[in-house]
Structure formats: structure tokens, C-alpha cells
Amino acid sequence: MPLRSDPLDELSIPDGTTVEEHDLVTDGDIIVGAQSTVEFGVRGNNVVAGERATFGGHIEAEDDCRLDLWCDVDGDVLVGQDAYLGERVHVTGQLMVSGDLDIGDDVEIDEGFEANGWIVIRNPMPTVVFLFVYLSQLLRLGEEEAAQGIIDDVLDESDAEPITIPRNAHVSDDAWRVSTPAAVGDGCRLHGNIRAEEITVGADNEVFGSLRGRGDIVVGERTRIHGDVTTRNGTVVLENGAEVLGDVSCTDLEFHENATADGTMRARGEMTMVRAETRRPTDEEESESEPEEEEDAEDAEDAAEAVETAHRDRSGSDGPAPQA
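Let me begin by describing the structure that accompanies this report. Keep in mind that this is a model prediction, so the values were computed, not measured. (Residues numbered from 1 in each chain as written. Predicted model: local features only at pLDDT ≥ 70, side-chain atom pairs only at ≥ 80, totals over all residues. Heavy atoms only, no water.)

1. Observations regarding the overall build of the protein
Logical step 1: Within the protein, the secondary structure is distributed over 3 helices and 38 strands.
Logical step 2: Buried residues in the protein amount to 35% of all 324 residues.
Logical step 3: Within the protein, counting contacts between residues at least 6 apart in sequence, those at least 24 apart form 17% of the total.
Logical step 4: Counting every atom, the protein has about 18800 Å² of accessible surface; 46% of that belongs to carbon and sulfur. (Helix = DSSP H or I, 4+ residues; strand = E, 2+ residues; numbered from the N terminus. Buried < 20%, exposed > 50% of the residue type's maximum accessible area, 1.4 Å probe, protein only. Contact = heavy atoms within 4.5 Å. Areas by Shrake-Rupley, 256 points an atom, 1.4 Å probe, with all protein chains shown as cover.)

Here you go:
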């Protein structure tokens, strides 16, 4: 990843993500930007939230959980390994930690906490800052291999892609609202309308809501959208088998002939239909048929010569015998 890139510059939902009974569930990590609101509970591998992030349900992390200062959790926090809670974090339920607990000042846990490992009460250093300082010290000591090993361990800890929710986002049953592009993987099941700059939805998804963006919107193969697909200035692309249970409104529209929309399809600019490639192009058929015709003509000429030769041989053998 380039040094100047921002990992939270888009709403990213990886393959297989589902919303189950008001819980956002994934096999990978969950990264929530600062000042974001997630009205779901979340379940994932590692859960990391920036300052002033708000959760409307339980947090279940199989590995680590890190909540920055002023975070608010309306439910329990269950952590499989270590937990890091910054200053003035508020948890309305219980905090259960299987490993170590690093906790800041003025943290409120309404129903108490339990940790099987060490409990340190202080203001914990943010994960990114700690990793940066640690790697800097290793590089100063000339331990480049050790630093590379740390980076590899962090990047390869989970094979699954993380869910990333950008700064100032609002995620709920009603809507997923972000001011950045949004990308949804394959095989997801989501509830809520998606509002973003640009939207890309993969294949085999079920979205119980509408899609609305300022730029382009792509609906992947065999994906069903239970709502409208609307863009202000972009192009809507409906791929093979895509189904929209509502209206489509855009500047330009490109749709596969097997895509369907129950409502009205409106395009202020161009409207293009992509046909399935069920037969070969005409030029290809002609180029392949020409050699066959030449072969048939050659076979006919050979057969005619053979008949003529046989007739000539018979005429020579059946004629009168020469006189002495």
C-alpha cells in the first residue's frame, strides 16, 4: 500500500458479509473510522474503532479489540484475546477479555469487567502509533528483517479482507451513508439503502434497500437490489442476471439483455444493451466457411477425374482386338 494512501477512503464490504439479526458479521477484521455511527452489533476477527465511534449493539472480537477515546458501545464487549480501551470509553454492558486488558482513564463499564490476563489502567497508545514507533526503533537498530517480519505478520494475520467504514459514516438498518465511494464484494446479504459517491456491487448479492450515488453505479451478475438505483451524474451498469426491484435513473445506462428492472428505466444520455455471445460473429463464420467450400470443390474435381479415368480404362479394354 502506498504511504500516502488512506485505508479508510471508501466503504469496503468484503465477500460473504451478512447482516444477521442486527449484527454485522464477517470472517475478517472490522475497522471503523472516527466519529462514525454503527447502529448494528459487530462480529469479526479484530475490531478497531477510531475516536468518538458509536456502536448500537454488542462487539464480539475473536482476537483483539481496540476502542479509541470517547467511544460508546450500547451492549457487551467480548474479546477473544487482548482489549485496549482509550480514555472515557463507555460500555453499557459487560467487558469480557480472555487476554490482557489495557484501559485508559475515566472508562465507564456499567456491568463490570473481567480479564484473564494482565490489567493495566492507563491511557493506552493507539495501535497505529504503537506500530509506527516500534518499527521505527527496529529500523534505527538495523533490524530490517525483524521489521519486515512484523509487517508480514500484521498483513497476513487474516486471509479475509476487512470491513472498512470511513470517517463520519452512518450505518444502520435504514441506510449506509458515507461521503466516499462504496464497494461491496460477492455473496453478501445487506439491509439498508446505500448512499455513497460511487457504488460497486459484486456478484450474487442480496441488498434489501436502494442504491444512490453521485457517480457511477455497477450492479454485478445475479445481484438483486430491493429498491431503486439512482445516480445524479454517472452511468449505471447492470450486468448479466442483475435484478432491480425498482426504478433505474441515471445519465447513461448500460445493461445486459438478461438484466431486469421491475420499474422504469430512465437515462438522460445514452442507453446501451449488451447482448449475450450465443453465436459466433458473421465475419468469423464466413472465414471458416470459405476453406470448407474450397475443400468441397477440390473433392468434386478429384471425383470427376477418377470417373473419367475409369471410363477411359473400360473403353480401352472392351474395344476390338488389333488385326494381324
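Now that the structure is up, let's keep going.
2. Considerations on a nonpolar patch on the surface
Logical step 1: Taken together, the side chains of Phe113, Ile119 and Ile121 present a nonpolar region at the surface, about 300 Å² in accessible area.
Logical step 2: Of note, Ile121 is situated in strand β19 (residues 119-121). (Patch = residues over 30% accessible without salt bridge, like charges linked within 9 Å, V, L, I, M, F, W, Y side chains within 5 Å. Salt bridge = Lys/Arg side-chain N within 4 Å of Asp/Glu carboxyl O.)

3. Considering the packing of aromatic side chains
Logical step 1: Taken as a whole, this structure holds 1 aromatic pair when the rule is applied.
Logical step 2: Summarising the aromatic geometry, the rings of Phe40 and Trp176 are spaced 5.8 Å apart at their centres and angled 50° between planes, so their arrangement reads as tilted. Residue Phe40 is located in the loop between β5 (37-38) and β6 (41-44), and its partner Trp176 is located in strand β22 (residues 175-177); the two are separated by 136 residues in the primary sequence.
Logical step 3: Accessibility expressed as a relative area gives 1% for Phe40, which makes it buried.
Logical step 4: Taking the relative accessible area as the measure of exposure, Trp176 reaches 1% and is therefore buried.
Logical step 5: A cation over an aromatic ring shows up here: Arg52 above the ring of Trp70, its NZ or CZ 4.9 Å from the ring centre.
Logical step 6: Its guanidinium or amino end placed over the ring of Tyr84, Arg66 lies 4.2 Å from that ring's centre, counting from NZ or CZ. (Phe/Tyr/Trp six-rings, centres within 6.5 Å; stacked < 30°, edge-to-face > 60°. Lys NZ or Arg CZ within 6 Å of the ring centre and 35° of its normal.)

4. Points about the sheet that holds strand β28 (residues 211-213)
Logical step 1: If you walk across this open sheet you meet the 12 strands as β17-β14-β11-β8-β5-β21-β22-β25-β28-β31-β34-β37, and the pairing is mixed. Only two strands of the sheet have a single neighbouring strand rather than two, namely β17 (108-109) and β37 (265-267). (Pairing = 2+ DSSP bridges.)

5. A word on the pattern of salt bridges
Logical step 1: Counting across every chain of the model gives 10 salt bridges.
Logical step 2: Between Arg275 and Glu257 there is a salt bridge, with the nearest N and O atoms lying 3.8 Å from each other. Of this pair, Arg275 sits in the loop between β38 (271-274) and α3 (282-318) while Glu257 sits in the loop between β35 (252-256) and β36 (260-261); the two residues are 18 residues apart in sequence, bridging distant segments of the chain.
Logical step 3: Here Glu257 falls in the partly exposed class, since its relative accessible area comes to 32%.
Logical step 4: Counted as one network, the salt bridges with shared partners bring together Glu87, Arg88 and Asp106.

6. Points about the layout of surface pockets
Logical step 1: Quantified by volume, the second largest pocket comes out at close to 170 Å³.
Logical step 2: Lining the second largest pocket are Val178, Ser179, Arg195, Ala196, Glu197, Arg212, Gly213, Arg214, Thr230, Thr231 and Arg232.
Logical step 3: Elements supplying a minimum of two residues to the lining of the second largest pocket: β25 (193-196), β28 and β31 (229-231).
Logical step 4: For the lining of the second largest pocket, the residue count by class is 2 nonpolar, 4 polar and 5 charged. (1 Å grid on protein atoms, 1.4 Å probe; cavity = no way out; pocket = protein on both sides within 12 Å on 5 of 7 lines; lining within 4 Å. Points joined across faces, edges and corners; volume = space filled by probe spheres on them. Nonpolar A, V, L, I, M, F, W, Y, C, P; charged D, E, K, R; others polar.)

7. Side note on the side chain of Thr164
Logical step 1: Tracing the backbone shows Thr164 in strand β20 (residues 163-165).
Logical step 2: A distance of 3.4 Å separates a polar side-chain atom of Thr164 from the backbone oxygen of Glu10. (Polar contact = N/O pair within 3.5 Å; in protein donor to acceptor, adjacent residues only side chain to side chain.)

8. Brief notes about the pairing of β6
Logical step 1: Here strand β3 (residues 23-25) runs beside β6; their pairing, made up of 3 bridges, is parallel. For Val25, the partnering residue across the bridge sits in β6 and is Arg43.
Logical step 2: Alignment of β6 against strand β9 (residues 59-61), held across 3 bridges, turns out to be parallel. The partner of Arg43 across the bridge, within β9, is Glu60.

9. A word on unusual backbone geometry
Logical step 1: Not every positive phi belongs to a glycine, and Gln35 is a case in point at roughly 60°.
Logical step 2: With respect to the helices and strands, the residue Gln35 is situated in the loop between β4 (30-32) and β5.
Logical step 3: Residue class for Gln35 comes out partly exposed when judged on its relative accessible area of 34%.
Logical step 4: For Trp70, which is not glycine, the phi dihedral falls at a positive 65°.

10. Let's talk about the environment of Thr231
Logical step 1: With respect to the secondary-structure elements, Thr231 resides in strand β31.
Logical step 2: The exposure class assigned to Thr231 is buried, which follows from its relative accessible area of 2%.
Logical step 3: Considered as a pair, Thr231 and Ser249 are 18 residues apart in the sequence and their alpha carbons are 6.4 Å apart.
Logical step 4: With near-sequence residues (within four places) excluded, Thr231 lies in contact with Gly213, Arg214, Gly215, Asp216, Ile217, Val236, Ser249, Cys250, Thr251 and Arg268.
Logical step 5: Within the structure, Thr231 has its side chain in polar contact with the backbone oxygen of Gly213 (distance 3.3 Å).
Logical step 6: In this structure the side chain of Thr231 is engaged in a polar contact, spanning 2.3 Å, whose partner is the backbone oxygen of Gly215.

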